[in-house]
Each structure stands twice: as C-alpha cells, then as structure tokens.
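Residue-level structure breakdown
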Amino acid sequence: MHADTYRHRGMRRALVEELRRKGIRDERVLAAIGLVPRHLFFDTAFQPHAYQDKAFPIGEGQTISQPYTVAYQTELLQLRPTDRVLEIGTGSGYQCCVLLELTPHVFSIEYNKVLFERTARRLASMGRAPHLFCGDGSMGLPQYAPFDKILVTAGAPVLPRPLLRQLRVGGSLIIPVGDENSQRMMRVVRESEEEFSRQELEEFRFVPLLGQAGWGQPG
Ligand code: SAM
C-alpha cells in the first residue's frame, strides 16, 4: 500500500538533482524533498508522474504544487527545528510532510472539506502527525498564534491582515500575491509590533486563495 521502492528512491534522487540545477541551495530542504515519497500523495493514475517537476491535479479542482515551488517556498521559510509554522492550503499534504522533516511544530489548514478528510486519513496512515484543521485559512488560526513562520500555498489578491497579525515579531510570511493569472512571491518580515518589511521575488501561478481575506467564498 505504502510501498517506497528502490526505483522511487532513485527517481527522488534525480528530482533533487534537478531542483539543485534549478537553483535550490539549502541542503536541508533538498534532503527533505529526498525523504518524502511524493508518489504516495497522488491518485494511482498519476503516480508514474510523481517525480516530474510538475504540478498535478489532486481532485476538487485543486493541485499538488510543483516540487520546485515547494522547495522554493520552503527555502524562503528558513525553518529552524523549534519554529512553529502555519501552512495555508494543506491540499494533498505533501508540502506539510516536507515541513515536518524540518520542524515537528507544523499546523496546516485546508478549506475544502473533501480534501481535508482525505488528506487527514492519508497522513494518519503514513504515521505523520501535523496539527490539521478544516476552515478558512485566510483568517489564520488565531487560537494557536503567534507563529514563527506562515506559508500560503494559494494565490492571494492582497496580503491578508489576519496572517500578518498572527506572526511573531521577527517571524516571516511567504505568500504569492497577484491576480488570477500570475502572482509574485513575497516575503514579509514582522520587524516590530507595527512594522513589516517586504521583499518581492519570483513569479508563479497558483490556484486562488479563497475566503474572507482572500478572493471570497468558493463558487
Ligand atoms: N500545499 C498543497 C500540497 O502540498 O498539496 C498544495 C496546495 S494547492 C496549490 C492550494 C490549496 O489551498 C488547495 O487545496 C485549496 O483548497 C486550498 N485553499 C484555498 N483557499 C484556502 C483557504 N482560504 N484556506 C485554506 N485552504 C485554502
């Protein structure tokens, strides 16, 4: 059921080398990608493609992000093993498992109930235990704040205020911001209670961040 064969491990090593060639430098991030069996997050029909550097459908109109994107965002987080990290958009649970290789304190929230339930079952059956929630992640998880790091894996129209307020001073938010066609990756650091600095990085194309502080309700 959860077979991770010699062949899968070989394909994972090749993927890690591809990400290195594409500019990912953080060895801890590359090691994490090398450890998480991405094929186990795919429907059977797509499993043969699991180690291509591509996004794929996971049902409910959503996608598992491209490995380069996962590595790029994870590198920007600069996670320390003591960090509490919040991921918005659990999706397949793959990114969540990459984060778990870097810190045990992972919180992740998914809006889509079908995906949430499927992924919660999948992660439990893999013996992975992040803190999973179902709800509007554009509002964050105020009852568990502050977070050292917040990662948004869907494209937002603007910086969601609730997420900024839930960052610890010194903490950072990694989020793609733009319109529905393309978004600019942003790193926002909370410099003090009231001051934030922001850096604009590469362009990407994500599915939309829904919800109150995103593009609104589904449908
Ligand atoms: N990180 C995921 C993975 O590793 O498979 C990929 C995420 S997919 C690109 C974006 C996810 O964000 C979708 O599953 C979508 O349902 C979810 N999403 C969109 N708006 C959301 C919101 N307001 N709160 C929580 N999840 C949201």
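Going by the annotation in an unreviewed UniProt entry, the name recorded for the protein is Protein-L-isoaspartate O-methyltransferase, with Hymenobacter rigui given as the source organism. Note on the protein: under the UniProt heading Subcellular location (unreviewed entry), the record states "Cytoplasm".

A word on the site of the ligand. Around the ligand there are 26 residues in total, and E87, S92, E110, G137 and L210 lie nearest to it. Contact distances for the ligand include 3.0 Å between a nitrogen atom and a side-chain N or O atom of E87. Between the ligand and Y111, the relevant distance is 3.2 Å, taken from a nitrogen atom to a main-chain nitrogen or oxygen of the residue. With the chains in place, 99% of the 600 Å² that the ligand exposes on its own is no longer accessible. More than half of the atoms belonging to the ligand lie within 2 Å of the grid points that define the largest pocket. For the shell around the ligand, the elements supplying multiple residues, two or more each, are β2 (62–64), β3 (84–88), α4 (94–100) and β4 (105–110). Here the residues of the shell around the ligand are counted per class, giving ten nonpolar, 13 polar and three charged.

Looking now at empty space enclosed by the protein. According to the stated counting rule, one finds one cavity of 30 Å³ or more in the structure shown. Taken as a whole, the largest cavity encloses approximately 50 Å³ of empty space. In terms of lining residues, the largest cavity is bounded by F41, F42, D43, P57, I58, G91, S92, L115, R118, T119 and R122. If you list the elements that add at least two residues to the lining of the largest cavity, you get β1 (56–59) and α5 (113–125). The element best represented in the lining of the largest cavity is α5, accounting for four residues. Counted by class, the lining of the largest cavity contains five nonpolar, three polar and three charged residues.

The rules behind each value
Residues numbered from 1 in each chain as written. Predicted model: local features only at pLDDT ≥ 70, side-chain atom pairs only at ≥ 80, totals over all residues. Heavy atoms only, no water. UniProt positions renumbered as here; feature names shortened; annotations may be inferred. Near = heavy atom within 4 Å. Polar contact = N/O pair within 3.5 Å; in protein donor to acceptor, adjacent residues only side chain to side chain. Areas by Shrake-Rupley, 256 points an atom, 1.4 Å probe, with all protein chains shown as cover. 1 Å grid on protein atoms, 1.4 Å probe; cavity = no way out; pocket = protein on both sides within 12 Å on 5 of 7 lines; lining within 4 Å. Sits in = over half its atoms within 2 Å of the grid points. Helix = DSSP H or I, 4+ residues; strand = E, 2+ residues; numbered from the N terminus. Nonpolar A, V, L, I, M, F, W, Y, C, P; charged D, E, K, R; others polar. Points joined across faces, edges and corners; volume = space filled by probe spheres on them.

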